[in-house]
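Results of the structural survey
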Amino acid sequence: VQLQASGGGLVQAGGSLRLSCATSGRTFSAYGMGWFRQAPGKEREFVTGINWSGGSTYYADSVKGRFTIPRDNAKNTVYLQMNSLKPEDTAGYYCAARLGSNVFTTGYEYWGQGTQVTVSS
């Protein structure tokens with residue numbers, strides 16, 4: 001499966017941004033989807049994941065209550081809605097896919113290219 005992330009940009013603290021991850025190549029609904037991020041000088045970290053149907057999600061504590069991860073299986077797309085953004089959310093954001101019906105925090109097999117999010121104070 002191929003993944004294409006988009007929607008990054010520059011936003012002020014407290015603002016919102018929505019990232020999109022369009023997929024192609026395989027049955028989208030067969031995959032659990034996730035978002036990760038990596039800031040300069042830091043390791044890549046898990047942000048959020050969603051199961052195949054969208055019925056189950058999991059969030060890192062750092063984004064809980066601010067970010068959501070809806071998916072649209074008809075459009076083969078998963079989103080990352082980011083609200084109340086903070087400067088510490090600045091990072092490259094990556095979408096990922098893992099074959100299976102669960103919510104996953106690790107073991108992703110397919111990755112998109114990153115899209116940069118910069119939050120100014």
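Up top is the structure.
Below you will find a few notes about this structure.

Rules and cut-offs
- Residues numbered from 1 in each chain as written.
- Predicted model: local features only at pLDDT ≥ 70, side-chain atom pairs only at ≥ 80, totals over all residues.
- Heavy atoms only, no water.
- Disulfide = S-S within 2.5 Å.
- Helix = DSSP H or I, 4+ residues; strand = E, 2+ residues; numbered from the N terminus.
- Buried < 20%, exposed > 50% of the residue type's maximum accessible area, 1.4 Å probe, protein only.
- Salt bridge = Lys/Arg side-chain N within 4 Å of Asp/Glu carboxyl O.
- Core = buried A, V, L, I, M, F, W, Y, C linked by side-chain atoms within 4.5 Å.
- Contact = heavy atoms within 4.5 Å.

Inspection of every chain in the model, using the stated rule, returns one disulfide. The partner cysteine of Cys21 in its disulfide is Cys95, sulfur to sulfur 2.1 Å. Taking the torsion about the sulfur-sulfur bond, which here is approximately 65°, the covalent link between Cys21 and Cys95 counts as right-handed. Here Cys21 is found in strand β3 (residues 17-24), whereas its partner Cys95 is found in strand β10 (residues 91-99), with 74 residues between them in sequence. No difference in accessibility class separates Cys21 from Cys95, as the two residues are buried.

Next up on the list: the pattern of salt bridges. The full count for this structure, using the stated rule, is four salt bridges. Of the charged contacts in the structure, one is a salt bridge between Arg37 and Glu45, with a shortest N-O distance of 2.6 Å. With relative accessibility at 5%, the residue Arg37 sits in the buried group. Notably, a salt bridge pairs Asp89 with Arg66, separated by 2.7 Å at the nearest N-O pair. Within this pair, whereas Asp89 is found in the loop between β9 (77-82) and β10, its partner Arg66 is found in the loop between β6 (57-59) and β7 (67-68), the two being separated by 23 residues in sequence. In this structure, a network of salt bridges that share partners links the residues Arg37, Glu45, Arg66 and Asp89.

This part covers the nonpolar core. Membership of the largest hydrophobic core comes to 29 residues, with the highest contact counts inside it found for Met33, Trp35, Phe67, Val78, Met82 and Tyr93. Sorting the residues of this core by element identifies β1 (2-6), β3, β4 (31-38), β5 (45-50), β9, β10 and β12 (115-120) as the ones contributing at least two each. In terms of residue count, the dominant contributor to this core is β10 (four residues). Once residues lying within four places of it in the same chain are set aside, the contact partners of Phe67 are Arg37, Val47, Tyr59, Leu80, Gln81, Met82, Asn83, Leu85, Asp89 and Tyr93. Residues Phe36, Phe46, Ala96 and Phe104 belong to the second largest nonpolar core, which totals five residues.

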